[in-house]
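# Descriptive analysis of the structure
Listed below, chain by chain, are the residues.
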2 protein chains.
Amino acid sequence: MRSETYSRDRYHHGNLPEVLIDEGSKVLAEKGIDGFSMREVARRAGVAVAAPSHHFGNAKGLLTAIAAQGFGKLAKNMELAATASRDSEDRVVAMCQAYRAMGMSDPGYAAIMFRVELVDESDQRFQEQAARAFGLFEEALERAASRSVDAAQISYAARTLWATMHGLVDLKMIKDQEAEELIRFAVRTLLAGIR
Amino acid sequence: MRSETYSRDRYHHGNLPEVLIDEGSKVLAEKGIDGFSMREVARRAGVAVAAPSHHFGNAKGLLTAIAAQGFGKLAKNMELAATASRDSEDRVVAMCQAYRAMGMSDPGYAAIMFRVELVDESDQRFQEQAARAFGLFEEALERAASRSVDAAQISYAARTLWATMHGLVDLKMIKDQEAEELIRFAVRTLLAGIR
DNA sequence: ATTAATATCTGAACGATGATCAGATTGAGA
DNA sequence: TCTCAATCTGATCATCGTTCAGATATTAAT
């Protein structure tokens, strides 16, 4: 019985990058960004303090990789949530709920995914995953809007609603009991506004 | 000619707390939250590293004080912006613009004012200033809405728009040339939605 | 005016962190 | 099998936040 999470009997770990991402997101979930450190992650992975740098360059690199994974999860959750409804407005609401759920239940990811100063936004994989999540969102909104709405309006609406959800979650403005109602309010007023 | 910003000839500084807040916000503006440190602020104030702790407890305490001052500035800017217009919708837009202007031109404040993990939200002065800014916002929105809209709707709308502005600024989703248009879009659709 | 109490600041220390670098170890391809 | 690149270690460095005893100044009380 070893107290460390991962064995250290081999000099070469095998799949250190993945393990570091996993352990890193666990640390974030448990202690938040304040309790996060490269050394802590290295400890949990049972590896020397300098090892992570070889794969991710620096702390920002690891956080960026975790954030990219987070956006991948968000996209998946949003897709899943959307399939539950047939009504196009309901689908947008469901996606917003997925966004909220991730921000609330997975505080580790939420704490860094949108933190410009913590993440390297120029990272390709990060951009891909973030764009994928936002793309799903935009698409769903486009379907919920009437056909007569032009592209510029749709773009405005998508960005506005995305920003709204981000704000509501980031500022913790959604109380659990009224989440459904408040989100639906935001979606409905926006759709009503562009129709 | 002294290189230090403040003299150190007196053992007792006189108004250290204010100076620390000033220097702290300057550091934030220049180097962002990454470059911010108690030691750096102490250096600029020409004071021992331990001095700030006596007034603000810890780093979070100083950041909280700076953030509170930031909300005070924001409230002032919003009030000022609102007086420029007579139309109630225009006033809401002007307030949003003030919000945005602060987020963009004063990145030092924006970097911490809404960062839960950096700030002590239970701090009284912080709460007061933040509530004041939001209160102005809520009030302006209430005036812009028609009289038939009930209080719950107004509350939803205020929170939604505040969140939207926060999201747009935080995620840097507003490009300069379309700022006016996008903000007006957000305000107008929201008002249209609740009318 | 003198003294006591309080507020303010110093200087040195401690533990922890991110980053760097030479060198050890391993695995993959010639 | 041998070579070379990839991977990881261990030690080091500068910096950071915080703490604490003690020095200095201000205020209040006598």
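What you are looking at is a predicted structure, and each value in this text was computed from that prediction instead of being measured.

What follows covers the side chain of A:Thr64. Residues and elements named next belong to chain A. If you trace the backbone, Thr64 turns up in helix 4 (residues 59-83). Judged by its relative accessible area of 2%, Thr64 is buried. One polar contact links the side chain of Thr64 to the main-chain amide nitrogen of Asp120, over a distance of 2.8 Å. Each residue touching Thr64, except ones within four places of it in the same chain, is listed here: Val119, Asp120, Asp123 and Phe126.

Attention now goes to the interface of chain B and chain A. Contact with chain B, which involves 32 residues of that partner, is made by 32 residues of chain A. Between chain B and chain A, roughly 2800 Å² of surface is buried when both sides are summed, and carbon and sulfur atoms account for 67% of that area. Of all residues in chain B, B:Tyr156, B:Arg159 and B:Phe185 give up the largest surface area on contact with chain A, accounting jointly for 23% of the area buried on that side. Between A:Asp170 and B:Arg115 there is a salt bridge, with its nearest N and O atoms 2.5 Å apart. In this assembly, chain B and chain A are joined by eleven residue pairs in polar contact (both at pLDDT 80 or more). Among the secondary structure elements, those contributing two or more residues to the side of chain B that touches chain A are helix 8 (151-170) and helix 9 (179-194) of chain B. By residue number, the principal contributor to the side of chain B that touches chain A is helix 8 of chain B, which donates twelve residues. Grouping the amino acids of the side of chain B that touches chain A by side-chain chemistry returns 17 nonpolar, seven polar and eight charged.

This part takes up the pattern of salt bridges. Tallying each qualifying case throughout the model produces 32 salt bridges over all chains. Between A:Arg132 and A:Glu79 there is a salt bridge, with its nearest N and O atoms 3.7 Å apart. Here A:Glu79 lies in helix 4 and A:Arg132 lies in helix 7 (residues 124-144), a separation of 53 residues in the sequence. Judged by relative accessible area, A:Glu79 falls into the partly exposed class, the value being 37%. Salt bridges here are not isolated pairs; linked through shared partners, they connect A:Arg115, A:Glu117, A:Asp170, B:Arg115, B:Glu117 and B:Asp170.

Moving on, we come to the domain arrangement of chain A. Residues and elements named next belong to chain A. Entries for chain A in the domain assignment read domain 1 (12-57) and domain 2 (66-194). Placing a centre on the C-alpha atoms of domain 1 and another on those of domain 2 gives a separation of 29 Å. Between domain 1 and domain 2 the total buried area reaches about 600 Å² when both faces are included, carbon and sulfur atoms providing 78% of it. For the domain 1 face of the interface with domain 2, the top three residues by lost area are Ile21, Leu28 and Ile33, together amounting to 64%. At the boundary of domain 1 with domain 2, the tally comes to zero salt bridges. On the surface where domain 1 and domain 2 come into contact, there are zero residue pairs in polar contact (both at pLDDT 80 or more). In terms of residue class, the side of domain 1 that touches domain 2 is made up of five nonpolar, two polar and one charged.

Residues and elements named next belong to chain A. The end-to-end C-alpha distance of helix 7, which contains 21 residues, comes to 30 Å, matching closely the 30 Å that a straight helix rising 1.5 Å per residue would cover. Among the residues making up helix 7, those that are buried are Phe126, Gln129, Ala130, Ala133, Phe134, Leu136, Phe137, Ala140, Leu141 and Ala144. Down the axis of helix 7, the sector holding all buried residues measures 135°, keeping them to one side. Facing away from the buried side of helix 7 by more than 90 degrees, the exposed set consists of Gln124, Glu142 and Arg143. Each element contacted by the buried residues of helix 7 is listed here: helix 4, helix 5 (88-105), helix 6 (107-113), helix 8 (151-170) and helix 9 (179-194). Between the side-chain oxygen of the N-cap and the backbone nitrogen of Arg125 there are 3.2 Å, and the N-cap of helix 7 in question is Asp123.

Here is what the cut-offs are and how they apply
Residues numbered from 1 in each chain as written. Chains lettered and ligands numbered in written order. Predicted model: local features only at pLDDT ≥ 70, side-chain atom pairs only at ≥ 80, totals over all residues. Heavy atoms only, no water. Helix = DSSP H or I, 4+ residues; strand = E, 2+ residues; numbered from the N terminus. Buried < 20%, exposed > 50% of the residue type's maximum accessible area, 1.4 Å probe, protein only. Polar contact = N/O pair within 3.5 Å; in protein donor to acceptor, adjacent residues only side chain to side chain. Contact = heavy atoms within 4.5 Å. Buried area = accessible area lost by both parts, 1.4 Å probe. Salt bridge = Lys/Arg side-chain N within 4 Å of Asp/Glu carboxyl O. Nonpolar A, V, L, I, M, F, W, Y, C, P; charged D, E, K, R; others polar. Domains from an automatic or database assignment. Expected span 1.5 Å × (residues − 1). Arc of directions from axis to C-beta.

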